[in-house]
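Residue strings, one per chain:
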Amino acid sequence: MLLVVERMLAAEGVKRADLGRDEFTKRVWEWKQKYGGTITNQIKRLGASCDWTRERFTLDEQLSRAVVEAFIRLHEKGLIYQGSYMVNWSPNLQTAVSDLEVEYSEEPGTLYYIKYRVAGGSKSDYLTIATTRPETLFGDTAVAVNPQDERYAKFIGKQAIVPLTFGRHVPILSDKYVDKDFGTGVLKISPGHDHNDYLLARKLGLPILNVMNKDGTLNEVAGLYAGLDRFEARKKLWSDLEETGLAVKKEAHTSRVPRSQRGGEIIEPLVSKQWFVSMEPLAERALEAVSKGELTIMPERFEKIYNHWLSNIKDWCISRQLWWGHRIPVWYVSGKDCEEEYIVARSHREALSKAQEKYGKNVEIYQDPDVLDTWFSSSLWPFSTLGWPDESAEDFKRFYPTSVLETGHDILFFWVARMVMMGIEFTGTVPFSNVYLHGLIRDSQGRKMSKTLGNVIDPLDTIAEYGTDALRFTLALGTAGQDLNLSMERLTSNKAFTNKLWNAGKFILRNLPHQDDTLAWEALLAHKFDKVESVVKLPLPECWVVSKLHVLVDEVTASYEKLFFGDVGREIYDFFWADFADWYIEVSKARLYHSGDHSVASVSQAALIYIFGSILKLLHPFMPFVTEELWQALPSRQEALIVSAWPPTSLPRDIDSIKKFENLQALTRAIRNVRAEYAVEPAKLISASIVANPDVIQYISGEREVLALLSRLDLGNVNFAEAPPGDANQSVHVVASEGLEAYLPLSDMVDISAEVQRLSKRLVKMQAEYDGLMARLGSSSFVEKAPEDIVRGVREKAAEAEEKLTLTKNRLNFLKSKVLIAN
């Protein structure tokens, strides 16, 4: 938000400092009022079923009170302290930045080699130092070499002259930290501008020099370079080093560059006075929560990352030099040392009262200008939003702790770990028992979305084109903790799934009894599917689909409980599309349109309503809008889908019927494949002889109407037998499964003589094309001179042509043999 407002002001030619704190804060509030609801609106359009009366903003009065209380309690326990330490500094935003908000990227740069003369030595006595940031040399307080590096042993204990500083001397030290193999093996120590140098300087007791202003320009320590921007100073400094003969060389070098997540600018390490939280005691308890099983992180691999970070945690810099946020509840006494004399209080009135009690009534106080890191207030979110520090608040007592936190894996440290630490610290309880980490949404090429790349996908635009349900379903199919590439192909596919669901609902509604047909509805509602005896009595297709549904309910419920949401979506999708829509709805058409038996139609109607209603329940969390609309269109729905009962588990299923119907499916597929192979017109009905043992024949023949409808068979000419028919040699023989075969008269499907003639002509053409390709490949001039990809393409075409040629020859020989037999 701040960055956006800063950019808006920059477009107007105005800087934050020009406005002053009050006016700038006013501008940010105006922006928040105008645009702050954008994300809320997106969440609502995505169908989040939240209690929006409980929506909170981090600067609401209640949350602000909680932030102040948390700061004071931590300070009273000695866990918050003030001090000057090395921090990540953002020159553009003029504030410290958390370690977690710094992103490192491998970027091309330059390594500069510079001479540091040895004081008191000859002209040839110097050390060459390699650095990527020569402008920081004004902050050098020592030069170091490895004690085992024989090249520089004679210089240890002497003094080096820092270039362009009018002769300032620094000691030449030895320390095993120095890498002999990097650059020249000599390290310039600039503790005010490098995290590692800072730690080394503290160990060695070296002074700290800061050469940079907070806006990224060099300060008076840099002498003639004071006032120059850091990158401008780098260019001028190198030019001057070349003129004075102290520049050795520069070479291309790839280094890890720290950039701010907020603005993308290069971060500057600076020593600055800040407020910190001691993290070690807080982290210890957060680690215990996972080790004791009080907190589970999904996917499990992130527990190792969580444990590693908390085990190596640094103190948290919580102050920010910004004008928007929660002001640090610290007041200073005018005329007193800020680091020694300060007052922590809940309000200005309380601070003034404390100051007057200690310093007299005429004392003047002023509040610390800094604000708290936004993650500080966010870390209190699970309980600050529920009324804490008032633990008697109804919401706090009812909703804290919660069961599941769902968030992105990229803020495991920023937010999740800190909420755990603060939750335990202030309430004594882990704020949630499960953490579900979803992946990040990337573009179709796997790139992070950014305005610079122009690949940002607005969810509202996507909803307008594909629908909310399709978008939700696409996102939910992702694997926990794994980033998801959002492609238009996925969205298009899931939009088709939504349409398929809608059309299935329309089909069912069109094929139910008329509302006034009381007898038909009584018969329909009499069918029950929750008892073993009622399920096993169902006709084969109904028994199969109901059994499959009951298996699905168990699988989906188990996956939901494990938070395997991607598995849930795929399981429902596969059942609805592959089993219900592609098979049972087609089966039901035989019941509804061709059976002529009202009782058969009634059981099918009951099964359709039962199964479709169960699918809607299972799918509702993924696709709330289309499922709710379809649910309420079904007859006798007394309540909304969102508040209806979840389907019960462990319902009866008949495994034997599943196997039997799978045989019927296999037979149907085999017949369909033959029809496609011989290009039989869809409307044409063909004869068939089904051969199997008596048990199989019994249940397959019992569904002859279904088989005939699905396979486009002539019902009057479908025979069932235990042995092949007499005209088997004039039929296409297909094996559906072990012990189940079909013989399809060839004459029913094609005019054999005409087909032989057609294939013979086609074979001649195919042979000519193949011969042409082989002739090209047989030419040495083509193979040797043509580009490799062209030759490879011709070889691939020749292989494909040869395969088609073989298939066509085999089919032609088969047809010719049938003609000979017939003659």
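Because the structure is predicted, anything quoted here is derived from the model rather than measured.

## Concerning the sheet that holds strand β16 (residues 365-367)
Now for step 1: With antiparallel pairing, the three strands of this open sheet are ordered in space as β15-β14-β16. Of all the strands in the sheet, just β15 (342-344) and β16 have a single pairing partner and so form its edges. Each strand of the sheet is rotated relative to its neighbour by a mean of 30 degrees, with strand direction disregarded.

## Quick notes on the sheet that holds strand β25 (residues 740-745)
Now for step 1: The sheet built from four strands is open, its strands ordered β23-β22-β25-β24 with mixed pairing. The open sheet has two free edges, formed respectively by β23 (713-721) and β24 (731-737), since each of these has just one partner strand. Direction aside, the axes of adjacent strands within the sheet are offset by 25 degrees on average.
Now for step 2: One ladder, built from four bridges, connects strand β22 (residues 686-692) with β25; its direction is antiparallel. Paired with I690 across the strands is A742, a residue of β25.

## Here's the deal with the pattern of salt bridges
It is possible for side chains bearing opposite charge to pair when their charged atoms get close.
Now for step 1: Summed over the entire model, instances satisfying the criterion amount to 36 salt bridges.
Now for step 2: In this structure, the salt-bridge partner of E394 is K397, at a minimum N-O distance of 3.4 Å. One end of the pair, E394, and the other, K397, are both in helix α13 (residues 394-399), three residues apart, so they sit about a helical turn from each other. Each member of the pair, E394 together with K397, is exposed.
Now for step 3: One salt-bridge network, held together by shared partners, links E69, R73, R346, E350 and K354.

## Digging into the packing of aromatic side chains
Now for step 1: Taken as a whole and judged by the stated rule, the model has 33 aromatic pairs.
Now for step 2: Seen in terms of ring centroids, F576 and F580 are 6.1 Å apart; in terms of plane orientation they differ by 35 degrees. Their pairing is tilted. Taken together, the residues span about one helical turn, with F576 and F580 both in helix α21 (residues 565-594) at a distance of four residues.
Now for step 3: Lying across the ring of W631, R637 places its NZ or CZ 4.5 Å from the centre.

## Description of helix α6 (residues 195-204)
Now for step 1: Along α6, the residues classified as buried are D197, Y198, L200 and A201. On an axial view of α6, the arc spanned by its buried residues comes to 165 degrees, and they lie on one face. Exposed and facing more than 90 degrees away from the buried side of α6 are L199 and K203.
Now for step 2: Here the buried face of α6 lies against β1 (80-90), β8 (186-189) and β10 (268-277).
Now for step 3: You can read the cap of α6 off the contacts: a side-chain oxygen lies 2.9 Å from the backbone nitrogen of N196, and it is on D194.
Now for step 4: Phi turns positive one or two residues past the end of α6, at G205, with a value near 75 degrees.

Parameters and conventions
Per-chain numbering applies: the sequence of each chain, read as written, is numbered from 1 onward. Predicted model: local features are reported for residues with pLDDT of at least 70 only, side-chain atom pairs are reported and counted for 80 or more only, and whole-chain, interface and lining totals are derived from all residues. The side-chain values count all of the structure's non-hydrogen atoms but skip hydrogen atoms and water molecules. Two strands qualify as a pair provided that DSSP identifies no fewer than 2 bridges between them. The helix count covers DSSP runs of H or I at least four residues long, the strand count covers runs of E at least two residues long, and both are numbered beginning at the N terminus. Angles here are taken between N-to-C directions and fall from 0 to 180 degrees, while the axes themselves are lines fitted to C-alpha atoms, restricted in helices to the stretch in contact. Whenever a carboxyl oxygen of Asp or Glu lies within 4 Å of a side-chain nitrogen of Lys or Arg, that contact is scored as a salt bridge. Type-normalised accessible area, obtained with a 1.4 Å probe on protein chains alone, sets the label of each residue: buried when under 20%, exposed when over 50%, and partly exposed for intermediate values. For this analysis, a ring pair means two rings from Phe, Tyr or Trp (six-membered ring only for Trp) whose centres lie within 6.5 Å, classed as stacked if their planes differ by under 30 degrees, edge-to-face if by over 60, and tilted for the remaining angles. Only lysine NZ and arginine CZ atoms are considered, and such an atom sits over a ring when it is within 6 Å of the ring centre and within 35 degrees of the ring normal. Here the arc refers to the set of directions running from the helix axis out to each C-beta atom. Contacts were defined at the residue level, with two residues in contact if any of their heavy atoms lie within 4.5 Å. N or O atoms within 3.5 Å of each other form a polar contact, as long as, within protein, one can give a hydrogen and the other can take it, and as long as residues adjacent in sequence are counted only when both atoms are side-chain atoms.

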